[in-house]
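# Examination of the molecular architecture
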Amino acid sequence: MKYVHFCENCQYFVKYYYRDEFGRFVRVGDRGHCKHGELPITASKKAVKAGCCEYFQTEVVQPQDKKLLIAKKLKHIRLIVSDIKSILDAD
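Residues numbered from 1 in each chain as written. Predicted model: local features only at pLDDT ≥ 70, side-chain atom pairs only at ≥ 80, totals over all residues. Heavy atoms only, no water.

Here we take up the pattern of salt bridges. Going through the model one piece at a time under the given rule, you end up with two salt bridges. Linking R24 and D20 is a salt bridge whose minimum nitrogen-to-oxygen distance equals 3.2 Å. For R24, a relative accessible area of 49% translates into the label partly exposed. Residue D20 is classed as buried on the basis of its relative accessible area of 16%. Note that K85 is salt-bridged to D89, the shortest N-O span being 3.2 Å. Residue K85 and its partner D89 are both found in helix 2 (residues 63-90); the two are separated by four residues, about one turn of the helix. The same class applies to K85 as to D89, namely exposed. (Salt bridge = Lys/Arg side-chain N within 4 Å of Asp/Glu carboxyl O. Buried < 20%, exposed > 50% of the residue type's maximum accessible area, 1.4 Å probe, protein only. Helix = DSSP H or I, 4+ residues; strand = E, 2+ residues; numbered from the N terminus.)

This is the structure in structure tokens:
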């Protein structure tokens, strides 16, 4: 017997977002699509509408990947702050 899981918690599920007036990404309800290669497009749409399929795999975030992502974002923030500082120093 195969276990039934919700697509929203699957690593193959791509969630839909939009950008609001403040530039933040906001989730569009529970909408999205399945990017699993074994499923044809029509079957993946039906599975997402049903909310589950037999290809479910839990979405696991590795701590090392998370640390690298945070370091990358902090480096980007540092560049932006240095640009702002140079603009303020020029005035």
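Pairing of strand 1 (residues 13-19) with strand 2 (residues 25-34) involves six bridges; the strand directions are antiparallel. Bridge pairing in strand 2 places V14 opposite H33. Hairpin connection from strand 1 to strand 2: five residues lie between these consecutive antiparallel strands, with G23 at a positive phi of about 85 degrees. (Pairing = 2+ DSSP bridges.)

It is worth spelling out the confidence of the model for the protein chain at this point. Any residue range with low pLDDT should be treated as having predicted coordinates unsuitable for detailed reading. The share of residues in the protein chain with pLDDT of 70 or more is 64%, and the mean pLDDT across the chain is 76. Looking across the protein chain, the model is least confident in helix 1 (residues 41-50), with a mean pLDDT of 67, and most confident in helix 2, with 88. (pLDDT = per-residue confidence, 0-100.)

Further remarks concern the side chain of D20. The residue D20 is located in the loop between strand 1 and strand 2 in this model. Within the structure, D20 has its side chain in polar contact with the backbone nitrogen of F22 (distance 3.1 Å). A distance of 2.8 Å separates a polar atom in the side chain of D20 from the backbone nitrogen of R24. (Polar contact = N/O pair within 3.5 Å; in protein donor to acceptor, adjacent residues only side chain to side chain.)

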